[in-house]
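# Structure at a glance
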Amino acid sequence: MTVVVAGAGMAGLVAATRLRELGVAATVREKGTRPGGSMLLSSGVIWRHREWDDFRRECPGGDARLQRLIWDRLDDALEWLAAAGAVPVREETANPLTTGTRFDPAQLTRALVQNGGVEGSTPSAGGVPLHTSDAAILCSGGFAASPELVDRFVRPAARLRRRGNPWSTGDGLLHALERGAALTAGMDEFYGRNMPDAEWGEDDFVSRSQLYARFARIFDETGNEFFRREDVSWSETNVVQATAHRPEARAYYLLDEEAVRRQVRYGTVAELVAAAPAAARVRLEELPFDPPPGTREAVRVVAAITHTIGGLRVDDRARVLREDGSAIDGLYAAGVDAGGVATGGYASGLAHALVLGLVAAESAAAGE
Ligand SMILES: Cc1cc2nc3c(=O)[nH]c(=O)nc-3n(C[C@H](O)[C@H](O)[C@H](O)COP(=O)(O)OP(=O)(O)OC[C@H]3O[C@@H](n4cnc5c(N)ncnc54)[C@H](O)[C@@H]3O)c2cc1C
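First, a word on what this report is: a plain description of the structure on this page. (Residues numbered from 1 in each chain as written. Predicted model: local features only at pLDDT ≥ 70, side-chain atom pairs only at ≥ 80, totals over all residues. Heavy atoms only, no water.)

This part is about the environment of Leu 69. By the secondary structure assignment, Leu 69 is in helix 3 (residues 64–83). A residue is classified by how much of its surface remains accessible, and Leu 69, at 16% relative accessible area, is buried. Taking the C-alpha atoms as reference points, Leu 69 and Asp 316, 247 residues apart in sequence, are found 7.0 Å from one another. Among all residues touching Leu 69, those that are not within four sequence positions of it are Asp 316, Val 355, Leu 356 and Val 359. (Helix = DSSP H or I, 4+ residues; strand = E, 2+ residues; numbered from the N terminus. Buried < 20%, exposed > 50% of the residue type's maximum accessible area, 1.4 Å probe, protein only. Contact = heavy atoms within 4.5 Å.)

Attention now goes to the nonpolar core. If you look at the biggest cluster of nonpolar residues, it comprises 108 residues, and the most contacted ones within it are Met 10, Ile 46, Leu 81, Tyr 212, Ile 218 and Leu 354. It is helix 11 (residues 349–366) that contributes the most residues to this core, eleven residues altogether. Among all residues touching Leu 81, those that are not within four sequence positions of it are Met 10, Ile 46, Ala 86, Phe 103, Leu 108, Leu 112 and Leu 354. Counting seven residues, the second-largest nonpolar core is a separate cluster that includes Phe 219, Tyr 252, Leu 254 and Val 282. (Core = buried A, V, L, I, M, F, W, Y, C linked by side-chain atoms within 4.5 Å.)

What follows deals with the sheet that holds strand 5 (residues 98–103). The strands making up a sheet associate through hydrogen bonds between their backbones, and the pairing can be parallel or antiparallel. If you trace the three strands from one edge of the open sheet to the other, you get 3-5-4, paired in antiparallel fashion. The open sheet terminates on both sides in strands that have one partner only, identified here as strand 3 (45–49) and strand 4 (88–90). Here the strands of the sheet are splayed against their neighbours by 35 degrees on average, with no regard to which way each runs. (Pairing = 2+ DSSP bridges. Axes fitted to C-alpha atoms, helices over the stretch in contact; angles between N-to-C directions.)

Here you go:
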């Protein structure tokens, strides 16, 4: 038996490594010019909420069975990852609400490709056909890089800027839909960041993220204060999604003297503001509305999509399901392709990809 794995990002490389470990041949197909997908661009922190109740509270629209699977299996999965050659950089997440491990994404990718002995993962550019008579695990990373699908499901009439790999254009999703798959709740949700309104490249994805909305006053282009800082979630996903629904998917973060001195996870607010290119740091007299008294800095941000949250409906064996709940024979999904985990909030995409990648491989190997 050979199992086809579509996508050599986090979920695909994990699935292929696990298949090989179980004695099953895996053919990994990669559409991009390199393996690693968005995992390679990530901060490499694989985490779960410390408390199960927090996971449920923060992602209330998600499938509780999948959430529980990820929450229960993650700690063992991290040990498995280390045994597969990934070297932990730090055994903590810098967030008291969560627990997990930080890896160097480049080393993690190399380890899964080399030490995992993934066969056939040599990248080949161009479209990759997903039709196959073999069992297949869809790990193509969702549809964030398809403006058409983003417009259709996430935000009509707004082209969200991209903050993830360029190849995740919904191939897994479209393939499974053709075979009768059902979709999850939350197809209009996404994980992303508000980024300075200027050009950016892959190297800027992490360093330029403006992650201090909870200290800012947040206005849109028309001068409407559309989001209260008290309502900003710790992951800031809710303010990013709200920004996507404003004109031009744009917002202005206004900061007073006290706000710029606040400490955030990776430095001070002033340092994050300084990382924004000059084009996005708006002089107060050039704002399209009057700023509140005491405003010292104004940064124009745009909502950027890292990955989609809704996707294919799967069960706790990673089998792709039809609307009536039956499983499509030989079709599995893992990672972002499998939706409905973080619905309503945000959870670790790498943890999701790791655990479901393992589960999908185990199910495919058992012929379930
Ligand atoms: C800047 C940034 C920071 C992040 N930081 C974190 C973090 O610290 N912690 C965390 O948990 N998550 C983080 N993430 C999210 C995390 O990277 C993703 O959740 C994770 O990579 C998803 O894994 P995946 O396998 O589903 O998708 P990916 O890793 O993106 O892999 C998908 C792969 O499929 C390939 N593909 C697409 N279509 C096809 C096709 N038709 N055939 C074959 N291959 C195809 C793509 O080229 C890609 O290689 C971050 C992401 C970014 C961009």
